[in-house]
Amino acid sequence: MRSTPGTTIHWFRRDLRLADNTALRHAATAGERLVPVFVLDDAILARRDTGAARVRFLLENLHALAAGLAARGSRLIVVRDDPAVVLPRVARAVGATAVHWNMDYEPYARARDVRVAEALAAAGIRALAWKDQVLFEENEILTGTRRPFTVFTPYARAWRAQKAAGPKEAPPLPPPPDLAGVASTGLPAPSDLGFASAANLPEAGEAAALARLRTFVDRDLHDYERRRNLPGERGTSGLSPYLRFGVVSVRTVHAATAGRSLGARTFTTELIWRDFYQQLLFHHPNVERQAFKPALRTLAWENDRGLFAAWQRGETGFPIVDAAMRQLRATGWMHNRCRMVVASFLTKDLLIDWRWGERHFMRELVDGDLAANNGGWQWAASTGTDAQPWFRIFNPTSQGEKFDPDGAYVRRWVPELAAVPNRWIHQPWALGAPEAAKAGLVLGKTYPERIVLHEERRPRALAMYGATRESTSIPQQNTKSPHRPVRP
DNA sequence: TGAAATGTTGGGGCG
DNA sequence: ACGCCCCAACATTTC
């Protein structure tokens, strides 16, 4: 016979919401009193790929979360410390018998959670980790031989089959009942943590996330297949920042968007990509540091710092690239079509290591997520699992003409080209002198000259990638990953 | 979730 | 009428 567990802790991490929160619900119903905690972890704040926009968005969502908790008579405890030190301390202070949290699949988080669980166990406190932030976890979608997938298409097929065969979607969990009040601590400002961001970020909080979801479903989902590729229009869901921090649950998003229409199916595919890259990172944590494909770990990147800086600033002379890089800096977000274009440009036109671009994205993106960002970069650089073939190289001009035909996107983010006619908006260098004068364009003055010529760089990229073929043609006898789970 | 090079076809101008 | 050339337009191959 077990005594009533009195107090439980819910440790918020990337699940900054009250609604449909698996661990929070379990923590709230397991005991009589629930203490919500968030830990500002210096190990994360000090990382080179932690950026101001994401820190600010995190803090704004913590404010919204704390307000939501306050409305229920509870106070969010925010502490800045090592979670393995502070969680046992808080647990002892409030007399908690258990700490609940939602699973996180990143290498750092997994190691940290092991440390935290050990520290809690040493203090006689239970630790419970729940599945919450993905629709299917790392070992729920497996091949016929019970191994993880490394190719997307068969993974997606199995994912859909499992979803169709599985139990009817459980209704989203209600928020926990009223919570007892406990001690509070103040929330820091970004500047207190050494970050300053003037980016124009999305509105924080669960209500804003649900409003965005509703607008997307009502207005944009039906035409998602076509419009998601047009950066000049608002055709995408805009949910990535909210999903990144769990401000809305992925189950709620999926339930609201699932359907038989082409738009709905295409959007579900994006959610499947999200699960795919998370399970890939779980089973292959080495992708955080190196190419998934061993043959492409020895690419002879040129890594010219001047070219890299021009790319970062959005001053490459290629309008679609510059518009995208400036949108990123101004808003902490970039349209996905443009993420592919600028990644192709960095790796295959500038011949710069994809990891440089990956880190820049992580520093700037409000939705920056290791699994998705790394997966996207390795896909574009052709180094990843199921990546595009290395000889597939985007032409930044034709990509612009194809997906921003009227130049609306370029004009919004590169105002110095605003008066250039549509015909030349994606290749202003080809504009005749009289028309350039009429558009107020002086190449090299009002807008940069191209920093490289695509037609020169493309063959160099092909040579660079092609060179890896001869040097790595040794047949691989044993390609077993050390991280592959042991088969029964 | 490419682009460029190369190959093929067919219409039209022309001697 | 016919062969020849040019060149879009489209298809295939190659990177």
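Residues numbered from 1 in each chain as written. Chains lettered and ligands numbered in written order. Predicted model: local features only at pLDDT ≥ 70, side-chain atom pairs only at ≥ 80, totals over all residues.

Moving on: the overall build of chain A. Helix and strand counts for chain A stand at 20 helices and 5 strands. In terms of overall dimensions, chain A is globule-like: its C-alpha atoms have a radius of gyration of 24 Å, near the 23 Å expected for 488 residues. Here the C-alpha coordinates of chain A stretch approximately 85 × 55 × 45 Å along the principal axes. Within chain A, the proportion of its 488 residues that are buried is 43%. Here the contacts in chain A between residues at least 6 apart in sequence split such that 77% fall between residues at least 24 apart. (Helix = DSSP H or I, 4+ residues; strand = E, 2+ residues; numbered from the N terminus. Rg over C-alpha atoms; globule rule 2.2 N^0.38 Å. Buried ≥ 20, exposed ≤ 12 C-beta atoms within 10 Å, placed from the backbone. Contact = placed C-beta atoms within 7 Å.)

On to the sheet that holds strand 3 (residues 77-80), then. The 5 strands are arranged 3-2-1-4-5 in an open sheet whose pairing can be described as parallel. Each having just a single partner strand, strand 3 and strand 5 (126-130) make up the two edges of the open sheet. On average, each strand axis in the sheet is tilted by 25 degrees relative to the strand beside it, whichever way the strands run. Note: strand 2 (residues 33-40) against strand 3, 4 bridges, orientation parallel. By the bridge assignment for strand 3, Phe38 is matched with Val78. Helix 1 (residues 22-30) rests against strand 1 (7-12), strand 2, strand 4 (96-102) and strand 5 of the sheet, and its axis sits at about 160 degrees to strand 4. (Pairing = 2+ DSSP bridges. Axes fitted to C-alpha atoms, helices over the stretch in contact; angles between N-to-C directions.)

Next up on the list: the protein's contact with DNA strand B. Around DNA strand B, the neighbouring residues are Trp273, Met340, Gln388, Phe391, Arg392, Ile393, Phe394, Asn395, Ser398 and Gln399. Of the residues belonging to the surface near DNA strand B, the class tally is 5 nonpolar, 4 polar and 1 charged. (Near = placed C-beta within 6 Å. Nonpolar A, V, L, I, M, F, W, Y, C, P; charged D, E, K, R; others polar.)

This brings us to unusual backbone geometry. In this structure, Ser382 takes a positive phi of about 65 degrees despite not being glycine. Considering the arrangement of structural elements, one finds Ser382 in the loop between helix 16 (370-380) and helix 17 (396-403). Judged by the 23 C-beta atoms lying within 10 Å of it, Ser382 is buried. Of note, the phi angle at Asp386 is positive, near 55 degrees, even though the residue is not glycine. Judged by the 17 C-beta atoms lying within 10 Å of it, Asp386 falls in the partly exposed class.

In terms of nonpolar packing, the biggest core is built from 124 residues, with Ile9, Val37, Val99, Ala324 and Val342 touching the most fellow members. Once residues lying within four places of it in the same chain are set aside, the contact partners of Ile9 are Ala27, Val35, Val37, Val90, Ala91, Ala96 and Val99. (Core = buried A, V, L, I, M, F, W, Y, C linked by C-beta atoms within 7 Å.)

Glancing now at the pairing of strand 2. The side chains of a regular strand alternate, residue by residue, between the two faces of the sheet. Across the 8 residues of strand 2, 7 count as buried, placing the element largely inside the fold. Pairing of strand 1 with strand 2 involves 6 bridges; the strand directions are parallel. Residue pairing in the sheet places Ile9 in a bridge with Val35 of strand 2. Handedness of the crossover joining strand 1 and strand 2 through helix 1 is recorded here as right-handed. (Right-handed = clockwise from strand over helix to strand, strands pointing away.)

Turning our eyes to something else, we now look at the confidence of the model for chain A. Mean pLDDT over chain A: 92, with 92% of residues reaching 70 or higher. Within the model, the stretch residues 472-488 combines pLDDT values under 50 with 7 contacts to residues more than four positions away or in other chains. (pLDDT = per-residue confidence, 0-100.)

Within the secondary structure layout, Phe318 lies in the loop between helix 12 (305-313) and helix 13 (319-331). Along the primary structure Phe318 and Arg260 are separated by 58 residues, whereas in three dimensions their C-alpha atoms are 39 Å apart. Not counting chain neighbours up to four residues away, the residues in contact with Phe318 comprise Phe345, Pro396 and Arg450.

Our focus in this paragraph is the domain arrangement of chain A. With domains assigned, chain A is organised as domain 1 (7-132), domain 2 (134-169 + 207-283) and domain 3 (294-471). Computed from C-alpha coordinates alone, the two centres of domain 1 and domain 2 are separated by 25 Å. Residue-level contacts link 12 residues of domain 1 with 14 residues of domain 2. For the side of domain 1 that touches domain 2, the residue count by class is 4 nonpolar, 2 polar and 6 charged. (Domains from an automatic or database assignment.)

Right, let's get into the packing of helix 13 against helix 17. Close contact between helix 13 and helix 17 brings their axes to 8 Å; oriented N to C, the two are set at 75 degrees. In terms of their interaxial angle, helix 13 and helix 17 are classed as roughly perpendicular. Only Pro396, Gln399 and Gly400 of helix 17 make contact with helix 13, whose side of the interface consists of Pro319, Ile320 and Val321. Its residues assigned to classes, the contact of helix 13 with helix 17 comprises 4 nonpolar, 2 polar and no charged. (Parallel < 35°, antiparallel > 145°, perpendicular 65-115°, else oblique.)

As judged from the 5 bridges shared by strand 4 and strand 5, these two strands associate in the parallel manner. Counterpart to Trp101 in the pairing with strand 5 is Ala129. With respect to chirality, the unit in which strand 4 leads through helix 5 (residues 107-122) into the neighbouring parallel strand 5 is right-handed.

What follows deals with the packing of helix 10 (residues 250-257) against helix 11 (residues 262-283). Relative to each other, helix 10 and helix 11 sit at 165 degrees, their axes nearing to 10 Å. The pairing of helix 10 with helix 11 is recorded here as roughly antiparallel in orientation. The two elements helix 10 and helix 11 cross, and the hand of that crossing is left-handed. Contacts between helix 10 and helix 11 involve Val250, His254 and Thr257 from the former and Ala264, Phe267, Thr268 and Leu271 from the latter. Grouping the amino acids of the contact of helix 10 with helix 11 by side-chain chemistry returns 4 nonpolar, 3 polar and no charged. (Left-handed = near helix turned anticlockwise from the far one by under 90°.)

Before going further, it helps to spend a moment on the environment of Ala309. Topologically, Ala309 is positioned in helix 12. For the pair Ala309 and Arg450, spaced 141 residues apart in sequence, the C-alpha separation works out to 14 Å.

Quick look at the environment of Asn61 now. Tracing the sequence through the fold places Asn61 in helix 3 (residues 52-71). Overall, Asn61 belongs to the buried group, with 25 C-beta atoms counted inside 10 Å. In this structure, the C-alpha to C-alpha distance between Asn61 and Ile425, residues 364 residues apart in sequence, is 39 Å.

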